[in-house]
Amino acid sequence: MSLGRLAELPAEDLKAEWARRYGAPSPALSPELLRLGIGYKLQEQRLGGISRSTRTLLRQVAVSEGEAGEKKPLPRKLTLGTRLVRDWHGVGHTVIVLEDGFEYDGKHWKSLTAIAKAITGNQWNGPLFFGLAERKRKP
């Protein structure tokens, strides 16, 4: 299986490939997100997994999730070229971080909030919509 061939696979074949690569049934995701997940697995097998520092950070986050009290959000820096992916009602949406904004659907956007509104038709907090922020809980 090659990365280039993923674009040609129909949804049913993607689900089968997911099950083969991950050893579990595919989740209910759009074909685009299934392709991204399978593509990640292919790259991981060829190039290696995540770095030691990233694994350490993930362990720290997992431990802090179990601690009582208010948790401090992790700082998030959007670096140039970062891809933000969101599945909305079965359709995958990909945003690319640019130097002066974002690219979505072949257009330049100044904010994630404007993109979230274009996708949903409703006013959303852009970072919240793309999973970069957490909803503030009422005391």
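Computed from a predicted model, the values in this text were never measured in an experiment.

Calculation notes
- Residues numbered from 1 in each chain as written.
- Predicted model: local features only at pLDDT ≥ 70, side-chain atom pairs only at ≥ 80, totals over all residues.
- Heavy atoms only, no water.
- Helix = DSSP H or I, 4+ residues; strand = E, 2+ residues; numbered from the N terminus.
- Buried < 20%, exposed > 50% of the residue type's maximum accessible area, 1.4 Å probe, protein only.
- Polar contact = N/O pair within 3.5 Å; in protein donor to acceptor, adjacent residues only side chain to side chain.
- Contact = heavy atoms within 4.5 Å.
- Phe/Tyr/Trp six-rings, centres within 6.5 Å; stacked < 30°, edge-to-face > 60°.
- Lys NZ or Arg CZ within 6 Å of the ring centre and 35° of its normal.

Engineer: Help me understand the overall build of the protein, please; the structure alone is not making it clear to me.
Structural biologist: Within the protein, the regular secondary structure consists of 6 helices and 4 strands. In the protein, the order of α-helices and β-strands from amino to carboxyl end is α-α-α-α-β-β-β-β-α-α. In the protein, which comprises 139 residues, the share counted as buried stands at 24%.

Engineer: What's the story with the side chain of Glu17 in this structure? I'm lost.
Structural biologist: Mapped onto the fold, Glu17 is located in helix 2 (residues 11–22). Reaching out from Glu17, the side chain makes a polar contact with the side chain of Arg21 at a distance of 2.7 Å. Look past the residues within four positions of Glu17 in its chain and what remains in contact with it is Met1 and Ile38.

Engineer: Mind showing me how you'd approach unusual backbone geometry here?
Structural biologist: Glycine aside, residues mostly have negative phi, and peptide bonds are mostly found in the trans state. Its identity is not glycine, yet His89 carries a phi of approximately 50°, on the positive side. The residue His89 is located in the loop between strand 1 (83–88) and strand 2 (91–98) in this model. Unlike most non-glycine residues, Asp105 shows phi in positive territory, near 55°. Within the secondary structure, Asp105 sits in the loop between strand 3 (101–104) and strand 4 (107–109). Accessibility expressed as a relative area gives 58% for Asp105, which makes it exposed.

Engineer: For this particular structure, what's the right way to read the packing of aromatic side chains?
Structural biologist: Each aromatic ring pair is summarised here by two numbers: the centre-to-centre distance and the angle between the ring planes. A full pass over the atoms with the stated rule returns 6 aromatic pairs. With 5.8 Å between their ring centres and 85° between their planes, Trp88 and Trp124 make a pair best called edge-to-face. Of this pair, Trp88 sits in strand 1 while Trp124 sits in the loop between helix 5 (112–120) and helix 6 (126–129), placing them 36 residues apart in sequence. Consider the rings of Trp124 and Phe129, whose centres lie 5.0 Å apart with planes at 75°: the pair is edge-to-face. Accessibility expressed as a relative area gives 1% for Phe129, which makes it buried. Following the ring pairs from residue to residue traces out a cluster consisting of Trp88, Trp124, Phe129 and Phe130. Sitting above the plane of the Trp124 ring, Arg86 keeps its charged end 5.9 Å from the centroid.

No statement about biological role is implied by the geometric values presented.
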